[in-house]
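In case you want the letters, here they are:
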Amino acid sequence: MPSALQNISLKHLGTEIQNTMYNIRGNRQGPGAGHGPPGGDSPPSGEPRREEQASPADPSAPGEDPADSPKPTPKSSLTSNLIQKAKRQNNTFPLFGEGLAWSRTGQEKVSALEQQVLALTEELKSQKELVKILHKALEAAQQEKRASSAYLAAAEDKDRLELVRHKVRQIAELGRRVEALERERESLAQTAGLREQQVQELQQHVQLLLDKNQAKQQVICKLSEKVTRDFMQPRKQPPGPPDAADRDFLSQQEKMEHLKDDMEAYRTQNRFLNSEIHQVTKIWRKVAEKERALLMKCAYLQARNCQVESKYLAGLRRLQEAVGDEASECAKLLRQLTQEALQWEASEASADSVVLSPISEYDEYGFLTVPNYEVEDLKLLAKIQALEVRSHHLLAHEAVERPLRERWAALGELAPSAELKQLLREGVPREHRPRVWRWLVHLRVQHLQAPGRYQELLSWGQAREHPAARQIELDLNRTFPNNKHFTCPTSTFPEKLRRVLLAFSWQNPSIGYCQGLNRLAAIALLVLDEEESAFWCLVAIVESIMPADYYSKTLTSSQVDQRVLQDLLSEKLPRLMAHLGQHRVDLSFVTFNWFLVVFADSLISNILLQVWDAFLYEGTKVVFRYALAIFKYNEEEILRLQDALEIYQYLHFFTKTICNSQKLMSIAFNDMNPFPMKQLRQLRAAHRERLEAELRELERLKAEYLETRASQRPLVPEGCTSEDEADGDA
């Protein structure tokens, strides 16, 4: 190894390279000082090059005096050593090339090395910043770990209650910080309003000056034209005093000079006003950017507040389960804290907030945001779910929803494509969803649609009553009891739903009506808000998307899909299926309704409609993907349950606990791959064949039983009379 690079430290690589470059530059400047100026008498350029090429080959050649040229020899030797080192250690310096070209001059080599030093210095700075960020994240994780460890290590309930009170104080501190930030935002908004008023006043003033300037320019142009005409065509004046024309000409020139001065003054004033307007615009933009940053910060803090509060409620719930119904002061305090937590609303902390709305009782489609569980013990769980949904919504608003809205706004005319497929999987914004759903429904039923068809079906229903009308009337009051549009007495949605279902019963007499169609039509009504559009959406789902016999009396295709789902779960989630099989849990009791109504009763509204966005475009394959993703999402929770009754109780409501739509979508369309449609068709065909064979065997057994019963004469025990004998005696 060359002596120049033997002591390089990899720990302080940037400093070592800088020192090496400094030595190289010093060695270069030393010989150059004694050669004189470039223009002086110097030997030809070839001689120094030959000397430099010869000196590194034999630095101690006999006959040469080392004191005559002490510096050129180390310079060329160090340069060649650096080149050889760069070639040998290409992996140690990833930014170096294959080697510096031998044809380059020494100055070019030094410049290349300096560029490498700068690049390594920048990379070192970025690595230091990354280390700082990781240190901060590690400190935050350690603090949270210490708090959790302290809570779990507490020996008595008093210590745990003290930790809970500490968390309450932290929540209050976060609330105060949010209020302070909102006050700061309001002051910035007022300042921005004042700036906008000033900008408008300046713009009006500038407009007045521009109008005045334009008027003066017109006057100047007219005067210039008049002077030009007078010079070109002098008028014949009667003989008069010789100096009258001169005085008139001088006065005109004087006026011209004054007008020029005025124009120059107006130009200067205009430039000044333009610079002022530019400065005010820059200030306004900075204020607007700062306001957006503060809004994002407020949203983040409010989301964090919701997360802390949900953790606090979860801790209360665990303590409540641990204490039970004991009549102690600790149990009373827990019940009091739980009641206060259930009654507290986020609106008290942000009453004046405009953009960051509190947790509302209903969402934008009328569904309850806090699930109305019948069991009293689950009401605290419902509040925890609402807080988690709110925190995910706040955190995803800027990072996910805004870019998604921009992509949908830039999409233009709808047409089948891979980009549209990906956008539908990520979800359609509310303002675009009615238009997109109408287009998707039209793709499915354009061969069935005819002008006036819906009105014709309604007229048939008015002329005579359909056999399914009674069942439809019974199911109307059971449609979405957690949605205000179907429970309010003054709402028009139940009447619209009745007409849609009656029209479909006349459209498809082979099905007429099946329980579950009311919820499919209700979802279509909530999104499309038009009876006819909702009717054709229902037709598209039943007659185009779903397989045949899905809503028939035997529900053959629905049963087949349940068996297909069992096979897919065994393939994709073998641990979960083994656990459920060990406890003899039949998932079809839960999943049958998922497929029949496409998760209408199971998922929260924002995730449900995202599923429907992809379902209307891709078909039933989406239902299988999301069914598998739901079990994958909650797999660990189910594996922790060791009792069949607990598993069934958890499966009854666990879909409502899913609040992260992006995570669920990623599991459905990424983690569940590969998921070929060919495999789904093969599984359906195989299970359909088996199911039909089982149904035929069942029919055969039923026929044999009836035939046996008909051939055997019923025996009457002794002392008993048959009905025929009793009638004869009477």
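Residues numbered from 1 in each chain as written. Predicted model: local features only at pLDDT ≥ 70, side-chain atom pairs only at ≥ 80, totals over all residues. Heavy atoms only, no water.

(A) A look at the overall build of the protein chain. Helix and strand counts for the protein chain stand at 26 helices and zero strands. For the protein chain, the proportion of its 730 residues judged to be buried stands at 36%. Contacts in the protein chain between residues at least 24 apart in sequence constitute 75% of all its contacts with a sequence separation of at least 6. Split by element, the accessible area of the protein chain, about 45,300 Å² in all, is 52% carbon and sulfur. (Helix = DSSP H or I, 4+ residues; strand = E, 2+ residues; numbered from the N terminus. Buried < 20%, exposed > 50% of the residue type's maximum accessible area, 1.4 Å probe, protein only. Contact = heavy atoms within 4.5 Å. Areas by Shrake-Rupley, 256 points an atom, 1.4 Å probe, with all protein chains shown as cover.)

(B) Spatial organisation of the environment of Tyr454. You can see Tyr454 is positioned in helix α11 (residues 453-463). Aside from chain neighbours lying at most four places away, what touches Tyr454 is Arg499, Val500, Ala503, Glu531, Glu532 and Phe535.

(C) Up close: the nonpolar core. In terms of nonpolar packing, the biggest core is built from 115 residues, with Trp408, Leu517, Ile541, Tyr551, Phe599 and Phe631 touching the most fellow members. If sequence neighbours within four positions are ignored, Phe599 has contacts with Trp594, Leu608, Val611, Val623, Tyr626, Ala627 and Ile630. If you look at the next biggest cluster of nonpolar residues, it comprises six residues, including Val178, Leu181, Cys298 and Leu301. (Core = buried A, V, L, I, M, F, W, Y, C linked by side-chain atoms within 4.5 Å.)

(D) Fine view of a positive patch on the surface. Positive charge collects at one region of the surface, where Lys125, Lys128, Lys132 and Lys136 lie side by side. Positionally, Lys132 belongs in helix α4 (residues 106-153). (Patch = residues over 30% accessible without salt bridge, like charges linked within 9 Å, V, L, I, M, F, W, Y side chains within 5 Å. Salt bridge = Lys/Arg side-chain N within 4 Å of Asp/Glu carboxyl O. Lys, Arg positive; Asp, Glu negative; His and termini not counted. Charge placed at Lys NZ, Arg CZ, Asp CG, Glu CD.)

(E) Representation of unusual backbone geometry within the structure. For the bond from Asn673 to Pro674, the omega torsion is 0°, close enough to zero to count as cis. Within the fold, Pro674 resides in the loop between α24 (661-671) and α25 (677-711). Backbone geometry places Phe599, a non-glycine residue, at a positive phi of 65°. Tracing the chain through its elements places Phe599 in the loop between α19 (588-597) and α20 (605-618). Accessibility expressed as a relative area gives 0% for Phe599, which makes it buried.

(F) Fine view of the packing of helix α15 (residues 517-528) against α20. Two numbers describe how α15 lies on α20: the axes approach to 12 Å, and their chain directions differ by 95°. Classed by the angle they form, the pair α15 and α20 counts as roughly perpendicular. Between α15, through Leu520, Ile523 and Val527, and α20, the contact on the second element is made entirely by Leu608, Leu609 and Trp612. Of the residues assigned to the contact of α15 with α20, the class counts are six nonpolar, no polar and no charged. (Axes fitted to C-alpha atoms, helices over the stretch in contact; angles between N-to-C directions. Parallel < 35°, antiparallel > 145°, perpendicular 65-115°, else oblique. Nonpolar A, V, L, I, M, F, W, Y, C, P; charged D, E, K, R; others polar.)

(G) Quick peek at the UniProt feature "coiled-coil region" (unreviewed entry) in the protein chain. UniProt's feature table lists "coiled-coil region" (unreviewed entry) at residues 110-191, 249-276 and 677-711, given in the numbering used throughout. Segment residues 249-276 splits into 100% helix and 0% strand. End C-alpha atoms: 41 Å apart. Secondary structure across residues 677-711 divides into 100% helix and 0% strand, with the first and last C-alpha atoms of the span separated by 51 Å. (UniProt positions renumbered as here; feature names shortened; annotations may be inferred.)

(H) Representation of a nonpolar patch on the surface. A surface patch of nonpolar side chains, amounting to about 320 Å² of accessible area, comprises Phe231, Phe249 and Leu250. Mapping Phe231 onto the fold places it in helix α5 (residues 157-232).

(I) Focus on the side chain of Asp613. Inspection of the secondary structure puts Asp613 in helix α20. Looking at Asp613, its side chain comes within polar contact range of the side chain of Trp437, at 2.7 Å. Beyond its immediate sequence surroundings of up to four residues, Asp613 is in contact with Leu424, Gly427, Val428, Arg433, Trp437 and Leu440. (Polar contact = N/O pair within 3.5 Å; in protein donor to acceptor, adjacent residues only side chain to side chain.)

(J) Main features of helix α17 (residues 556-572). With 17 residues, α17 extends 25 Å between its outermost C-alpha atoms, agreeing within 8% with the 24 Å of an ideal straight helix rising 1.5 Å per residue. For α17, the full list of buried residues reads Thr556, Ser557, Ser558, Val560, Asp561, Gln562, Val564, Leu565, Leu568, Leu569 and Lys572. On the buried face of α17, the contacting elements are α18 (574-582), α19, α21 (621-633) and α25. (Expected span 1.5 Å × (residues − 1).)

(K) Focus on α4. When the terminal C-alpha atoms of α4 are compared, their 68 Å separation across 48 residues agrees well with the 70 Å that a helix rising 1.5 Å per residue should span. Of all the positions in α4, only Gly106, Lys109, Val110, Ala112, Leu113, Gln116, Val117 and Leu120 are classed as buried.

(L) Quick peek at the packing of aromatic side chains. The final tally for this structure, using the stated rule, is 17 aromatic pairs. Seen from their ring centres, Trp460 and Trp506 are 6.5 Å apart, and the 80° between their planes marks the pair as edge-to-face. Taken together, the residues span a long stretch of sequence, with Trp460 in helix α11 and Trp506 in helix α14 (residues 493-507) at a distance of 46 residues. Residue classification places Trp506 among the buried residues on the basis of a relative accessible area of 15%. The structure contains a cluster of three or more aromatic residues connected by ring pairs, namely Trp594, Phe599, Phe631, Tyr650, Phe653 and Phe654. Residue placement shows Lys496 over the ring face of Phe493; its charged tip is 5.3 Å from the ring centre. Here Lys663 stacks its cationic end above the ring of Tyr633, 4.6 Å away from the centre of that ring. (Phe/Tyr/Trp six-rings, centres within 6.5 Å; stacked < 30°, edge-to-face > 60°. Lys NZ or Arg CZ within 6 Å of the ring centre and 35° of its normal.)

(M) Broad picture of the pattern of salt bridges. Applying the stated criterion to the full structure yields 28 salt bridges. For the salt bridge of Glu473 with Arg498, the shortest nitrogen-to-oxygen distance reads 2.7 Å. Here Arg498 lies in helix α14 and Glu473 lies in helix α12 (residues 469-476), a separation of 25 residues in the sequence. Overall, Glu473 belongs to the partly exposed group, its relative accessible area being 38%. In this structure, the salt-bridge partner of Arg478 is Asp475, at a minimum N-O distance of 2.3 Å. Each of Glu473, Glu495, Arg498, Arg499 and Glu531 takes part in salt bridges that share partners, so that together they form one network.

(N) Fine view of the environment of Leu188. For Leu188, the position within the fold is in helix α5. Here the alpha-carbon distance between Leu188 and Val287, two residues 99 residues apart in the chain, equals 7.1 Å.

(O) Broad picture of the confidence of the model for the protein chain. Residues at a pLDDT of 70 or more form 69% of the protein chain, whose mean pLDDT is 78. Of all secondary-structure elements in the protein chain, the lowest mean pLDDT belongs to helix α2 (residues 46-57), at 40, while α21 reaches the highest, 96. A low-confidence stretch, residues 28-76 (pLDDT under 50), is modelled with 15 contacts involving residues beyond four sequence positions or located in other chains. (pLDDT = per-residue confidence, 0-100.)

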